[in-house]
Amino acid sequence: MALPLTRSKVLQRRAETLLPGGVDSPVRAFRAVGGDPPFLVSAKGAWLTDADGNRYIDLFGSWGPMLLGHAFPPAVEAIREAAGLSASFGASTAAEADLAELVQRCFPSIQKLRFVSSGTEACMSAIRLARGFTGRSFVIKFEGCYHGHADALLVKAGSGVATFGIPGSAGVPNETVMHTLALPYNDLSAVEAAFAAHPELIACVILEPVVGNAGTIAPLPGYLKGLREITRKHGALLIFDEVMTGFRLAPGGAQELFADELGGAPDLTTLGKIVGGGLPVGAFGGRAEIMDYLAPLGPVYQAGTLSGNPLAMAAGIATLQSLLEQRETIYATLEATTAAIVEGIARLAVERGIALTANRVGSMFTCFFTPSAVTDFTTASHSDTAAFARFHRAMLERGVWLPPSQFEAAFVSTEHGPAEVDAILAAAAEALHEVQK
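Quick caveat: nothing in here was measured; it's all calculated off a predicted structure. (Residues numbered from 1 in each chain as written. Predicted model: local features only at pLDDT ≥ 70, side-chain atom pairs only at ≥ 80, totals over all residues. Heavy atoms only, no water.)

Participant: How should I be thinking about the environment of Lys112 in this particular structure?
Facilitator: Tracing the backbone shows Lys112 in strand β4 (residues 112-116). Residue Lys112 is classed as partly exposed on the basis of its relative accessible area, which comes to 36%. In sequence terms Lys112 and Thr270 are 158 residues apart; their C-alpha atoms lie 12 Å from each other. Setting aside its immediate chain neighbours within four residues, Lys112 contacts Gln104, Phe284, Gly285, Gly286, Ala288, Met291 and Asp292. Here Asp292 takes part through its side chain, which lies 2.9 Å from a polar atom of the side chain of Lys112. (Helix = DSSP H or I, 4+ residues; strand = E, 2+ residues; numbered from the N terminus. Buried < 20%, exposed > 50% of the residue type's maximum accessible area, 1.4 Å probe, protein only. Contact = heavy atoms within 4.5 Å. Polar contact = N/O pair within 3.5 Å; in protein donor to acceptor, adjacent residues only side chain to side chain.)

Participant: Explanation requested: the pattern of salt bridges in the structure shown.
Facilitator: Pairing is possible between side chains of opposite charge, provided their charged atoms come close. The full count for this structure, using the stated rule, is 11 salt bridges. A salt bridge links Glu77 to Arg80; its shortest N-O distance comes to 3.0 Å. With Glu77 and Arg80 both in helix α2 (residues 73-83) and three residues apart, the pair spans about one turn of that helix. According to the relative accessible area criterion, Glu77 is partly exposed, its value standing at 42%. (Salt bridge = Lys/Arg side-chain N within 4 Å of Asp/Glu carboxyl O.)

Participant: Whenever I open this one, the nonpolar core confuses me. Can you help?
Facilitator: It is characteristic of soluble globular proteins that their nonpolar side chains tend to be buried jointly. In terms of nonpolar packing, the biggest core is built from 39 residues, with Phe365, Phe369, Phe391, Met395 and Leu432 touching the most fellow members. Setting aside residues up to four positions removed in sequence, Leu432 forms contacts with Ile345, Leu348, Ala349, Arg352, Ile354, Phe369 and Phe391. (Core = buried A, V, L, I, M, F, W, Y, C linked by side-chain atoms within 4.5 Å.)

Participant: Any chance you could explain the UniProt feature "modified residue: N6-(pyridoxal phosphate)lysine" (unreviewed entry) in the protein chain here in plain terms?
Facilitator: Under the UniProt annotation, the feature "modified residue: N6-(pyridoxal phosphate)lysine" (unreviewed entry) is placed at Lys273. Within the secondary structure layout, Lys273 lies in the loop between β9 (268-271) and β10 (282-286). Setting aside residues up to four positions removed in sequence, Lys273 forms contacts with Ser62, Pro65, Gly278, Leu279 and Val281. (UniProt positions renumbered as here; feature names shortened; annotations may be inferred.)

Here it is in structure tokens:
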């Protein structure tokens, strides 16, 4: 049932002569799942179209930001209008503060923020700021959490690092990562032990409050609250990397979803391209007294020529305005749609006697091919990745595009309706037979 990918194969061979592996991001090469990666030419709503005219239901959503679907009309119109005025000024515009106000309405913990050009840049900058503010050097991160490809954060990271089984990265000196402590997620005792071993040396704890880069993994009850209490006790900052969860789980991300049990907001938050309607953009922000340590007010330097890019600001304003205006219907619809997909796949797996653990938080989910609960990267890594690869290929052949790695979250948009849910489950019913072969 192989898809006709004649044109995509030609494009891939050409790309391999010009780009390492033929890709600009490793997971696009499909090495973890096999088969040929389709080359995309367009997308609309919940659907993708490749160079051979094949259409797919999109369940990776540009890795999260396409919450309102592809080519969201208000964002497209805003981008078109902004582009007519110039794609970049390298100087301040009112749109930066306009979007900042909308972000602040969603995230009250962000008293001040700064826009950057990627989630990687946001996390890198937040950690530099935390170190400058506290005067400390050590950083705690968690195994399977990916915070971008900055040198000091590629230690037991998730995402493509986990997909390819790489413990870190060549080219990163040991001296660069010697102050990064990688601990198991959902284990408060390990955090307490790290602070005990490095008294008054830990600047911050950074985490994905809901892991998406090792597959979807929810925080255990009391975990986030425990981190908030530990960091306060020891004078360290708590950084929520909400590059994936921001605006997706709620307008205010995971910190809004888990507010009742959090016991206080994080000190800093990082956001990714969803803040710009899917364009290349990111942001980091938090308490004003911390953010004012940034130049030109303070001693921590951070800069970017394209920061606050007018196209991204315009798309972000259109996107966040829509989220805020329709929040009551958007998130209820996303919850119901994603639950129908995940519960349906889980039911089909049970009927066929296939070991599968389905984790879901809001509109992000992962189907792990393992009989055990998945609560951290260690338990996620016990999954049968060969079974996932067969499932991925079979779903793709039936017109459903999952993220091409067991260790990546899938995402649902408001454009996924009953017809898409039915098609996904019909494809899964057949694809799970391939898993058993």
